[in-house]
Number of protein chains: 2
Amino acid sequence: MMNERAIADAYRHKRVLVTGGLGFIGSNLVLALVEAQAEVTILDALIREHGGDMYNVAAVRDKVSIEVADASDPGVLTPLIKGQHYIFHLAGQMSHGDSMRNPELDLRVNCAATMRLVEACRAHNPSAILLNTSTRQVYGRPKYLPVNEDHPIDPVDVNGINKLAAEYYHVLYNRVYDLKSVVLRLTNTYGPRQQISNDRQGVAGIFIYRAMKGLPLKLFGGGDQLRDFNYVDDVVRAMLIAAVTPQCYGRVFNLGSDRAYSLLDYCAILKKLCNVEYEAVPFPEDKKLIDIGDYYGSYERFRRITDWSPRVDLDEGLRLSVEFFDEHRDRYLA
Amino acid sequence: MMNERAIADAYRHKRVLVTGGLGFIGSNLVLALVEAQAEVTILDALIREHGGDMYNVAAVRDKVSIEVADASDPGVLTPLIKGQHYIFHLAGQMSHGDSMRNPELDLRVNCAATMRLVEACRAHNPSAILLNTSTRQVYGRPKYLPVNEDHPIDPVDVNGINKLAAEYYHVLYNRVYDLKSVVLRLTNTYGPRQQISNDRQGVAGIFIYRAMKGLPLKLFGGGDQLRDFNYVDDVVRAMLIAAVTPQCYGRVFNLGSDRAYSLLDYCAILKKLCNVEYEAVPFPEDKKLIDIGDYYGSYERFRRITDWSPRVDLDEGLRLSVEFFDEHRDRYLA
């Protein structure tokens, strides 16, 4: 039950490490932390395909410390985690397709890196507070809706398997070593600084890109699949709250929104904003295999503890996103 | 519903790779496969702590091909899996304590190696039949008994996390690439060729060792914890059946037995056989953390499909085990 003031107070002059801090969600988190006067260190491998981009933090470049390295390289994490009060672990890759094409890489950056992080914290900074971002993809094809945290686990791609293992590492190290760690399962997050020029960060982003470029949108499988969307500012606020809420430690929570939209709804909003055309097309074979049908989650468990709920609805969030990308057109729409 | 004859027929003159084939269960499987006239290749890193021992297959040494290498080393698996009809993946480490002390190693040998195996099969031998051994440890502390496959997953140690990820890799590669793969979750397996001189392969083994050495047995936590035990021959038969039963592919099954025994029961049988003393002692702190209380599983799902059920009860199995270890005393009781 924290207001903006209390959140900011919790981070003021605190040392915070953000892995993946040059990426989409990571950079938005960094901006919020700098605003709260935290002392921020960014660890990022600066891999373009994973969303890393120095430009994302250009506005606060002189107020943060940036380490360009791969969190999954042995030895990288230990010196960086020492002395940190908070560690937000967002580094990794989130493309489902890439994880199937290169499972070796996905295992390394999503699973092994996380194991090394909790292990380094256990050994060298056991009082640090950790937040790990995971994905609704661990549930696979929903057996009921909305999906809550008790829903059976059934990852439908390599990314889901490795992110799940990463979650378990956090929970285990809380249980066994009392590490203060919380896991948030994110659903479709969108907004400023998202890498929208490809579909690696999900359909929400690439649709914004195509709409703003005047390219027609293709809705695989009819477009009536339901999804829930979170504007990135809401996700950042959830992370900041979760990390300072002791009742969250050792637990896994869904984020989510109060309304599910079909992809057709989503495109209709983009059409209002960008006047784009869209059409439904059949599923290509390779995507059909990892399609999960309708998905929307319940964030009730997280809300009950923290009072968090999203504030920015999809109309407003897409308007803000289009506005941002229009202003930084040469950077994100090139 | 296969009798011994039909099982043997299925493997005669077939090429079979057994990873971990110099270990406890692996070597027993190798002996059964040689008996069935299969052409067996063993891949084993020959790590003493993981149970690897050339002596385990001494009786068939000239009838099998042995490759000493680590399945988790990139490049090792690809040449070996080519042309195999069956691949039994038993390599790995199963010590819960070791996995907590060295999570890096556990991740490599249990999770990464499995990912590399299914990936190599997808690319180079997609028609091979795979069997993967997992562990009841993925369930964690039982929420109900007997534990069936619908029981929630909640690994209580690093080993459980990595074995779980390995399971998901097998299931995923079946679903997406149609790899013929089956996963068996083993419970406490015991019997000839087990590494009994330490507790890495479970309490069943070290108790046999101590009983045969005349050393008193210590029952942590009172000894009334229930467990189910499988004699290794029953486990080997389950594996041989599962791999040739197409209805099993893409699925995960418990093994188990028809009766749960307390550790006190277990010791009482050993006392009859070896006249050993035993006593209940409090849990040491480091073991308490990963203790799971009572556990016994249901193997009903596997039985319905295959008609498998264990044939050797605990009295008989322990008698056979003690007989074997007595005969090979200088090797297993040194």
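Please read these numbers as outputs of a predicted model, since none were measured by experiment. (Residues numbered from 1 in each chain as written. Chains lettered and ligands numbered in written order. Predicted model: local features only at pLDDT ≥ 70, side-chain atom pairs only at ≥ 80, totals over all residues.)

## Comments concerning the overall build of chain A
The criterion, for reference: The way it works is that DSSP assigns letters per residue, a run of H or I at least four long becomes a helix, a run of E at least two long becomes a strand, and they are numbered from the N terminus. C-alpha atoms define the radius of gyration in this analysis, and the globule rule sets the expected value at 2.2 Å times the number of residues to the power 0.38. Exposed residues have 12 or fewer other C-beta atoms within 10 Å of their own C-beta, buried residues have 20 or more, and partly exposed residues fall in between, where C-beta atoms are placed from the backbone. Once C-beta atoms are placed from the backbone, any two residues with those atoms within 7 Å are in contact.
For chain A, the helix and strand inventory stands at 13 helices and 13 strands. Taken against the 2.2 N^0.38 rule, which gives 20 Å for 334 residues, the C-alpha radius of gyration of chain A at 19 Å falls within 12% of a compact globule. C-alpha atoms of chain A, sized along the principal axes, occupy 55 × 40 × 40 Å. Residues classed as buried in chain A amount to 54% of the 334 residues present. Counting contacts in chain A only where the partners sit at least 6 residues apart, residues at least 24 apart contribute 80% of the total.

## Observations regarding helix 5 (residues 103-124) of chain A
Residue and element names in this part refer to chain A. Note the cut-off: Here the expected span of a helix is defined as 1.5 Å times the quantity of residues minus one. Note on bend: at a given residue it equals the angle between the axes fitted to the 7 residues ending there and to the 7 starting there.
For helix 5, built from 22 residues, the straight-helix expectation of 32 Å at 1.5 Å per residue is met to within 8% by its first-to-last C-alpha distance of 30 Å. The largest bend along helix 5 measures about 30° and falls at Ala-112. Buried residues dominate helix 5, accounting for 16 of its 22 residues.

## As for the relation of the copies chain B and chain A
We count it as follows: Superposing the copies works by least squares over the C-alpha atoms of residues that have pLDDT at least 70 in both of them.
Superposing chain B onto chain A takes a rotation of 180° combined with a translation of 0.0 Å along the rotation axis, leaving an RMSD of 0.0 Å. Expressed as an axis order, the relation between the two copies is that of a two-fold axis. Every residue of chain B has its C-alpha some distance from the rotation axis, and the shortest such distance is that of Ala-165 of chain B, at 3.1 Å.

## Notes on the interface of chain B and chain A
The test is simple: Three classes are used, and their members are as follows: Ala, Val, Leu, Ile, Met, Phe, Trp, Tyr, Cys and Pro are nonpolar, Asp, Glu, Lys and Arg are charged, and the others, Gly among them, are polar.
Taken together, the 16 residues of chain B in the interface contact 16 residues of chain A. For the side of chain B that touches chain A, the secondary structure elements donating two or more residues are helix 5 (103-124) and helix 6 (158-177) of chain B. Broken down by element, the side of chain B that touches chain A gets its largest block of residues, seven residues, from helix 6 of chain B. Taken together, the residues of the side of chain B that touches chain A sort by class into 15 nonpolar, no polar and one charged.

## Quick notes on the sheet that holds strand 2 (residues 39-44) of chain B
All names here are of chain B. So the rule is basically this: By this definition, two strands are paired if DSSP reports at least two bridges between them. Simply put, an axis is a line fit to the C-alpha atoms, just over the touching stretch for a helix, and the angle between two N-to-C directions goes from 0 to 180 degrees.
With parallel pairing, the seven strands of this open sheet are ordered in space as 3-2-1-4-5-6-11. On the outer flanks of this sheet lie strand 3 (65-68) and strand 11 (252-254), each paired with one strand and no other. The sheet shows a mean angle of 20° between the axes of neighbouring strands, taken without regard to direction. Where strand 6 (residues 180-186) and strand 11 come together, three bridges link them in parallel fashion. Paired with Arg-185 across the two strands is Asn-254, which belongs to strand 11.

## Side note on the sheet that holds strand 11 (residues 251-254) of chain A
Residue and element names in this part refer to chain A. Taken together, seven strands build an open sheet; the order of strands is 3-2-1-4-5-6-11 and the sheet is parallel. The two strands at the open ends of the sheet, each matched to only one other strand, are strand 3 (65-68) and strand 11. Neighbouring strand axes in the sheet, compared pairwise and without regard to direction, differ in orientation by 15° on average. Pairing geometry for strand 6 (residues 180-186) and strand 11, over four bridges, is parallel. For Leu-184, the partnering residue across the bridge sits in strand 11 and is Phe-253.

## Digging into the packing of helix 5 of chain A against helix 5 of chain B
Note the following rule: Working rule for angles: under 35 degrees goes down as roughly parallel, over 145 as roughly antiparallel, 65 to 115 as roughly perpendicular, anything else as oblique. Put simply, a crossing is left-handed when the front helix is turned counterclockwise from the back one by less than a right angle, and right-handed when it is turned clockwise.
Packing of helix 5 of chain A against helix 5 of chain B leaves a shortest axis separation of 11 Å and a crossing angle of 165°. One finds that helix 5 of chain A runs roughly antiparallel with respect to helix 5 of chain B. Considering only the axes of helix 5 of chain A and helix 5 of chain B, their crossing is right-handed. Facing Pro-103, Leu-107, Cys-111, Ala-112, Met-115 and Glu-119 of chain A of helix 5 of chain A, the residues of helix 5 of chain B in contact are Pro-103, Leu-107, Cys-111, Ala-112, Met-115 and Glu-119 of chain B. Broken down by class, the residue content of the contact of helix 5 of chain A with helix 5 of chain B amounts to ten nonpolar, no polar and two charged.

## So, the environment of Gly-221 of chain B
Note on placement: Gly-221 of chain B falls in the loop between strand 8 (217-220) and strand 9 (226-227). Between the alpha carbons of Gly-221 of chain B and Arg-48 of chain B there is a distance of 29 Å; along the sequence they are 173 residues apart.

## Overview of helix 12 (residues 314-327) of chain A
All names here are of chain A. Stated formally: When we speak of the arc, we mean the arc of directions from the helix axis to the C-beta atoms.
Here helix 12 is 14 residues long and its end C-alpha atoms lie 20 Å apart, about the 20 Å a rise of 1.5 Å per residue gives. Of the positions making up helix 12, those classed as buried are Leu-314, Gly-317, Leu-318, Ser-321 and Phe-325. Along helix 12, the residues classed as buried sweep out an arc of 95° about the axis, all on the same side. Turned more than 90 degrees away from the buried face of helix 12, the exposed residues are Asp-315, Glu-316, Glu-323 and Glu-327. Contacts made by the buried residues of helix 12 are with strand 7 (188-190), helix 7 (203-212), strand 10 (229-231), strand 12 (261-262), helix 9 (263-274) and helix 13 (329-332).

## Focus: unusual backbone geometry
Of note, the bond from Leu-145 of chain A into Pro-146 of chain A is cis; its omega dihedral lies within 30 degrees of zero at -10°. Among the structural elements, Pro-146 of chain A can be located in the loop between strand 5 (129-135) and helix 6 (158-177). Despite not being glycine, His-13 of chain B has its phi angle at roughly 60°, a positive value. Looking at the element boundaries, His-13 of chain B is found in the loop between helix 1 (4-11) and strand 1 (15-19). Judged by the 9 C-beta atoms lying within 10 Å of it, His-13 of chain B falls in the exposed class.

## Concerning the nonpolar core
To keep it simple, the criterion reads: Core membership is restricted to buried Ala, Val, Leu, Ile, Met, Phe, Trp, Tyr and Cys residues, and these are joined into a nonpolar core through C-beta atoms within 7 Å.
Core analysis: the biggest nonpolar cluster contains 209 residues, and Ala-165, Leu-184 and Met-239 of chain A together with Ala-165, Leu-184 and Met-239 of chain B have the highest contact counts within it. Residues contacting Ala-165 of chain B, with those up to four places away along its chain left out, are Cys-111, Ile-161 and Ala-165 of chain A together with Cys-111 of chain B.

## Here we look at the environment of Pro-103 of chain B
For Pro-103 of chain B, the location among the structural elements is in helix 5. Sequence separation of Pro-103 of chain B and Asp-157 of chain B is 54 residues, and the distance between their C-alpha atoms is 9.4 Å. Every residue in contact with Pro-103 of chain B, bar those within four places of it in the chain, is listed here: Met-115 and Glu-119 of chain A together with Val-158 of chain B.

## Looking at the packing of helix 6 of chain A against helix 6 of chain B
Here helix 6 of chain A crosses helix 6 of chain B at 165°, and the two axes come no closer than 10 Å. The orientation of helix 6 of chain A relative to helix 6 of chain B falls into the category roughly antiparallel. As for the relative orientation of helix 6 of chain A and helix 6 of chain B, their crossing is right-handed in sense. Between helix 6 of chain A and helix 6 of chain B, the contacting residues are Val-158, Ile-161, Ala-165, Tyr-168, Tyr-169 and Leu-172 of chain A on the first element and Val-158, Ile-161, Ala-165, Tyr-168, Tyr-169 and Leu-172 of chain B on the second. Of the residues that constitute the contact of helix 6 of chain A with helix 6 of chain B, the class distribution is twelve nonpolar, no polar and no charged.

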